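Topology and contacts: notes
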Number of protein chains: 2
Amino acid sequence: MTRNDAQALDTADPLAALRDQFDLPAGLIYLDGNSLGPLPRATARRVAEAVQQEWGQQLIGAWSGAGWIDLPQRIGDRIGKLLGAGPGELVVADSTSVNLYKVLSAALSLVQLREPASGEGRRVILTEAGNFPTDLYIAQSLAAERGFELQRVDPADLRNRLSQQGNGTDVAVLMLTHVNYRSGQLHDMAALSAAAHAAGALTVWDLAHSVGALPVDLHEDGADFAIGCGYKYLNGGPGAPAFVWAHPRHLPKLRQPLAGWMGHAAPFDFSPGFEPASGMARFLCGTPPVLSMVALACGVDTVLAAEAHGGMAALRKKSLVLTRLFADKVSADCPLLQVVSPAADSERGSQVCLTPIAGQEALAWPVVQALIARGVVGDFRAGDPNQPPGSIGAIDILRFGFTPLTLRHVDAWDAAEHLRQVIDSGEWRQPAFLHRNTVT
Amino acid sequence: MTRNDAQALDTADPLAALRDQFDLPAGLIYLDGNSLGPLPRATARRVAEAVQQEWGQQLIGAWSGAGWIDLPQRIGDRIGKLLGAGPGELVVADSTSVNLYKVLSAALSLVQLREPASGEGRRVILTEAGNFPTDLYIAQSLAAERGFELQRVDPADLRNRLSQQGNGTDVAVLMLTHVNYRSGQLHDMAALSAAAHAAGALTVWDLAHSVGALPVDLHEDGADFAIGCGYKYLNGGPGAPAFVWAHPRHLPKLRQPLAGWMGHAAPFDFSPGFEPASGMARFLCGTPPVLSMVALACGVDTVLAAEAHGGMAALRKKSLVLTRLFADKVSADCPLLQVVSPAADSERGSQVCLTPIAGQEALAWPVVQALIARGVVGDFRAGDPNQPPGSIGAIDILRFGFTPLTLRHVDAWDAAEHLRQVIDSGEWRQPAFLHRNTVT
């Protein structure tokens, strides 16, 4: 594919106009929307309105007068549309980590409630070895507290572990991030959920790298619980509040330990005993950070705007073209790098991950820095020397996220071309690029 | 005291200029800063800068470039100054409810660690009957989960309960809100902490209605753990993030269950096993909501600005004059109402609470609405019919918070005068004021 071919794809792109919802710095090719989505044009004005008109003028009255009190539900309903969830099924609250604690705890309680007699038998929280650390930490903490065990297995072994041969009947919960943050591998949510259910386990899906990037249908795909992040493909702003969903069939039986007043059946009765709200509001806890909530609402709207142009299916289609275009050009032009994200469309999220070939490990960090200096922003993920040699967890990763809402095909082409030039010219060897920060 | 006397107090007030830090709606007398502090003038510009320059232009680079990553510690250090806490002792994170869950859980674990043999003996979380509901709910949840019992006693009985006569040695944790949200009663933190320690218990103090309103010295006053709220007297904005403190002597032994990646010793190593940060950062969990954090920083600065004029001691002195002025004038001029907040300065927080005299219960709700219509904003707290008749929890409360940073003495006088007029004129009987909302 030539640059002209990429330009032709942009000309024909039915989603091209959606980019105008953002005010990106001129000349920047931003391939880190999977860490922090860019600023929508509408956000600055909306946040200023919430600060000056709502807080400043209405003060305490804004909780009802400006509708702050319903923000967790109203934004939740809008995110739900992207995930096949009906109205009232999903709420916005707290952070992804805190929400994982809530749903994983609720899931473990549900397992214990279902099988009081076989309490000894079903003690495993199953996940993949390279799941995002905060998910692993929260699960470790809950497992220790509640007498469960977190088992991390290679993603290729998950289905076998859930089968009869794998003694899957000791699994209480299958907890996975739908798209792996390092490898970009997309799990088959429907197949893995079915395998978990066949083993009698519940499923908890972290949609941090899925929501806003690819279609998900929580009901069809067999999720029991889901959580996700507001600041990646939802463009909700730095540290935007997260979301939480539970399958409505479980809801009446669910208790979560962070039983704060916003999750009470009647929070403004101020009664001394906790009574959970009848719906998903029982997964709320304290007072939500309103300024960050209104910014999140603007971000969610940028994704919902795609509905008129084919919605998540169209965004996914474009995302796959962008990632394939980039990966193919890198494969052709950058022999010192190899693509480690899956080549098959059905197994790839909205990112492309590269690693240096053997002997060229010194490239990884400085190449990312040299690209940033050129205005091509991806990120670097260090390998963990404690992981099995050669495994995805052990190798350094050059990570490039492709947000189909903001990126043009020509951006993907140009990014790959910059990468080629940075390596071929030796530009990456400049001293300024060699010093490695610990915070990335 | 006449209105002229109140004006004379304003003329002589060394803190008067601090009011100019806020942009209050013209003519409003805002007596609900203990629900939501008013908007500081500096906030709109700072939030806009964080949105447009930092997020919009620096994107992911702003985490280090704009210092977002250190906000929990940097704002925490500034709040710590108001509470006698040293640098690094306090962090900003999550909501008050979530932080209570962390510290109460850590406190219970510490008790179990200290007294593994007497695990059966020390099983009580002691609190006052009318503590803020979210504190009660979180404590109920943890008590049930961890095999403890929440005991709610009359505030007057707390010290006896902690004594030998009261069999205080079964108390694991004394958990109190320093100033009661309904009655305005200020607990003697030093004396109660000493009584708790004498019984071998730990102390958890909720400073929601203290921080920014009155001096607290966490070390001198014997706190083991403290949490508090950013959106009341700290003027941090709606749902502003909360804070959490633990005594440094306990820190090395403390584990909290919400073990998210921001609480890891090296969050950017992305290692699969959780290792808590060496300092208070171990009480962090997920990614903080940056836009709400920067607004909180502006709010904290409005209180720190008092340092040049006598600091928290001067603010407390003014607060007591304001509340006494209002309470005295109401007592003199409004015979249908009685003051239920403590008359003694040493027992009163920064609010005045009223209730109708017997037979006049119908006044409470509509009087508050009629005052709001006049631009005097207090709030109404409904009595709970399930509480003991005549107790503070059973009666309807007209609640007026006095933020010494923004209020003039003449505001306190005028508010009491409006109250007199609303009652004497029968204005409160207008149909518009009689309809009672459930959300207040």
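Residues numbered from 1 in each chain as written. Chains lettered and ligands numbered in written order. Predicted model: local features only at pLDDT ≥ 70, side-chain atom pairs only at ≥ 80, totals over all residues. Heavy atoms only, no water.

**Focus: the overall build of chain A**
Cut-off, in case you're wondering: Secondary structure elements follow DSSP: runs of H or I of four or more residues count as helices, runs of E of two or more count as strands, with numbering from the N terminus. Our radius of gyration looks at C-alpha atoms and nothing else; its globule reference is 2.2 Å times the residue count to the power 0.38. Partly exposed residues are those whose accessible area sits between 20% and 50% of the maximum for their type, while under 20% is buried and over 50% is exposed, using a 1.4 Å probe and protein chains only. In what follows, a contact means two residues having at least one pair of non-hydrogen atoms within 4.5 Å. Note that accessible areas follow from Shrake-Rupley with a 1.4 Å probe, and for residues the cover is restricted to the protein chains shown. His is not counted here, nor are the chain ends, while Lys and Arg score as positive and Asp and Glu score as negative. Charge coordinates come from a single atom per side chain, which is NZ of Lys, CZ of Arg, CG of Asp or CD of Glu.
Across its full length, chain A carries 13 helices and 13 strands. Against the 2.2 N^0.38 benchmark of 22 Å for 440 residues, chain A shows a C-alpha radius of gyration of 22 Å, consistent with a compact globule. For chain A, the C-alpha atoms occupy an extent of roughly 70 × 60 × 40 Å along the three principal directions. For chain A, the proportion of its 440 residues judged to be buried stands at 64%. By sequence separation, contacts in chain A at least 24 residues apart represent 71% of the contacts at least 6 residues apart. Counting only carbon and sulfur atoms, one obtains 52% of the accessible surface of chain A, whose full area is about 15,100 Å². Taking the 35 positively charged and 44 negatively charged side chains of chain A as two groups, their mean positions are separated by 1 Å.

**What to know about the packing of helix α1 (residues 3-11) of chain B against helix α12 (residues 409-424) of chain B**
Residues and elements named next belong to chain B. Just so we agree on the cut-off: Angles shown run from 0 to 180 degrees and are taken between the N-to-C directions of axes, each axis being a line fitted to C-alpha atoms and, for helices, limited to the stretch in contact. Reported orientations rely on four angle classes, namely roughly parallel under 35 degrees, roughly antiparallel over 145, roughly perpendicular from 65 to 115, and oblique for the rest.
Following both chains from N to C, one finds α1 and α12 inclined at 155°, their axes separated by 7 Å at the closest point. Considered as vectors, α1 and α12 are oriented roughly antiparallel to each other. Each of Arg3, Ala6, Gln7, Leu9 and Asp10 in α1 lies in contact with α12, whose residues at this interface are His409, Val410, Trp413 and Asp414.

**Quick look at the relation of the copies chain A and chain B**
Quick note on the threshold: In this comparison the copies share one frame, found by least squares on the C-alpha atoms of residues holding pLDDT of at least 70 in both.
With an RMSD of 0.0 Å, chain A superimposes on chain B once it is rotated by 180° and translated 0.0 Å along the axis. Taken together, these values place the two copies in the relation of a two-fold axis. Ranked by how close their C-alpha atoms come to the rotation axis, the residues of chain A are headed by A:Ser292, at 2.8 Å. Comparing contact sets, 100% of the residues at the interface of chain A also lie at the interface in chain B, consistent with an isologous, same-surface contact.

**Structural notes on the interface of chain A and chain B**
For clarity, the threshold we go by: When two components associate, each loses some accessible surface as probed by a 1.4 Å sphere; the sum of these losses over both components is called the buried area. Here a polar contact means two N or O atoms within 3.5 Å. Within protein one must be a hydrogen donor candidate and the other an acceptor candidate, and residues neighboring in sequence count only if both atoms are side-chain atoms. Only Asp, Glu, Lys and Arg are considered charged, only Ala, Val, Leu, Ile, Met, Phe, Trp, Tyr, Cys and Pro nonpolar, and every remaining residue, Gly among them, polar.
In this assembly, 73 residues from chain A lie in contact with 73 residues from chain B. Around 6,000 Å² of area is buried between chain A and chain B when both sides are counted, 70% of it from carbon and sulfur atoms. The interface formed by chain A and chain B includes 22 residue pairs in polar contact (both at pLDDT 80 or more). Put simply, the parts of the chain that give the side of chain A that touches chain B at least two residues each are α2 (41-58), α5 (96-114), α6 (133-146) and α9 (290-304) of chain A. Residues belonging to the side of chain A that touches chain B are distributed by class as follows: 41 nonpolar, 25 polar and seven charged.

**What about the confidence of the model for chain A?**
Interpretation of the predicted coordinates at a detailed level should be avoided for regions scoring low in pLDDT. Operational definition: Per-residue confidence from the prediction method is given by pLDDT, with values spanning 0 to 100.
The pLDDT averaged across chain A works out to 95; a share of 98% of its residues lies at or above 70. Interface scoring of the predicted complex returns ipTM 0.97; its pTM is 0.97.

**Looking at the sheet that holds strand β2 (residues 90-93) of chain A**
Within a sheet, neighbouring strands are paired by backbone hydrogen bonds and run either parallel or antiparallel to one another. Residue and element names in this part refer to chain A. Selection criterion: Strands are treated as partners if at least two bridges between them are detected by DSSP.
Taken in spatial order, the seven strands make up an open sheet running β2-β8-β7-β6-β5-β3-β4, and their pairing is mixed. Each edge of the open sheet is held by one strand with a lone partner, namely β2 and β4 (149-153). Averaged over neighbouring strand pairs, the angle between their axes works out to 20° when direction is ignored. For strand β3 (residues 124-128) and β4, the ladder comprises five bridges, and the chain directions are parallel. Across the sheet, residue glutamate 128 finds its bridge partner in β4, namely valine 153. α6 rests against β3, β4, β5 (171-177) and β6 (202-206) of the sheet, and its axis sits at about 145° to β4.

**Topic: the sheet that holds strand β10 (residues 351-356) of chain B**
All names here are of chain B. Here four strands make up an open sheet; going across it, the order is β9-β10-β13-β12 and the pairing antiparallel. Across the chains shown, the open sheet's two edge strands, defined by having one partner strand only, are β9 (337-339) and β12 (379-381). Each neighbouring strand pair of the sheet contributes to a mean axis angle of 35°, computed without reference to strand direction. Of the strand pairs in this sheet, β10 and strand β13 (residues 397-401) are connected by four bridges, and their pairing is antiparallel. What sits directly across from leucine 354, in β13, is leucine 398.

**A word on the pattern of salt bridges**
Residues and elements named next belong to chain A. Applied cut-off: Take a side-chain nitrogen of Lys or Arg and a carboxyl oxygen of Asp or Glu: if they are within 4 Å of each other, that pair is a salt bridge.
Per the stated rule, a full pass over the model turns up 42 salt bridges over all chains. We note a salt bridge from arginine 46 to glutamate 49, for which the minimum N-O separation is 2.8 Å. Taken together, the residues span about one helical turn, with arginine 46 and glutamate 49 both in helix α2 at a distance of three residues. Arginine 46 sits in the partly exposed class, given a relative accessible area of 23%.

**Some thoughts on the pairing of β13(B)**
Walk down a regular strand and you will see the side chains alternate between the two sheet faces. Residue and element names in this part refer to chain B. With five of five residues buried, β13 is to be regarded as a mostly interior element. Side chains of β13 alternate between two faces, with Ile397, Arg399 and Gly401 and Leu398 and Phe400 buried alike. Note that β12 and β13 share three bridges and pair antiparallel. In the sheet register, arginine 381 faces β13, and the bridge partner there is isoleucine 397.

**Section: helix α4 (residues 71-81) of chain B**
The periodicity of an α-helix, 3.6 residues per turn, causes residues three or four places apart in sequence to face the same way. Residues and elements named next belong to chain B. Selection rule: What the arc measures is the spread of directions leading from the helix axis to the C-beta atoms.
Here α4 has its buried residues at Leu71, Pro72, Ile75, Gly76, Ile79 and Gly80. Along the axis of α4, the buried residues cluster in a sector spanning 155°; they form a single face. Lining the buried residues of α4 we find β2 (90-93), β8 (242-246) and α9 (290-304).

**Here's the deal with the pairing of strand β10 (residues 351-356) of chain A**
Residue and element names in this part refer to chain A. Of all six residues that make up β10, six are buried, and the element is covered over most of its length. Burial along β10 is two-sided: the residues Gln351, Cys353 and Thr355 and Val352, Leu354 and Pro356 are all buried. Strand direction decides the pairing type here: strand β9 (residues 337-339) and β10, joined by three bridges, are antiparallel. What sits directly across from glutamine 338, in β10, is threonine 355.

**Here we look at empty space enclosed by the protein**
Here is the rule we go by: Only protein atoms enter the 1 Å grid, on which a cavity is a set of points fitting a 1.4 Å probe that cannot get out and a pocket is an open set with protein on both sides within 12 Å along at least 5 of 7 lines, lining residues being those with an atom within 4 Å of a point. Grid points are joined across faces, edges and corners, and a volume is the space filled by probe spheres set on the points.
Applying the stated criterion across every chain yields a total of four cavities of 30 Å³ or more. The computed volume of the largest cavity comes to approximately 320 Å³. Along the walls of the largest cavity sit 31 residues, with A:Asp94, A:Ser95, A:Pro289, B:Asp94 and B:Pro289 positioned nearest its centre. Secondary structure elements with two or more residues in the lining of the largest cavity: β2 of chain A together with β2 of chain B. For the lining of the largest cavity, the class distribution of residues is 21 nonpolar, eight polar and two charged. Its volume calculated, the second largest cavity comes out at about 160 Å³. What lines the second largest cavity is a set of 18 residues, and nearest its centre among them are A:Phe270, B:Gly130, B:Tyr181, B:Arg182 and B:Gly393. Its residues assigned to classes, the lining of the second largest cavity shows eight nonpolar, six polar and four charged.

**Focus on the packing of helix α10 (residues 311-333) of chain A against helix α12 (residues 409-424) of chain A**
All names here are of chain A. Filter applied, for reference: Each crossing gets its handedness from the near helix: less than a right angle anticlockwise from the far helix is left-handed, clockwise is right-handed.
Where α10 contacts α12, the axes come no closer than 9 Å and their chain directions differ by 20°. With respect to their mutual orientation, α10 and α12 come out roughly parallel. In this structure, α10 meets α12 at a crossing whose hand is right-handed. Each of Lys318, Val321, Leu322, Leu325, Phe326, Lys329, Val330 and Asp333 in α10 lies in contact with α12, whose residues at this interface are His409, Ala412, Trp413, Ala415, Ala416, Glu417, Leu419 and Arg420. For the contact of α10 with α12, the residue count by class is ten nonpolar, one polar and five charged.

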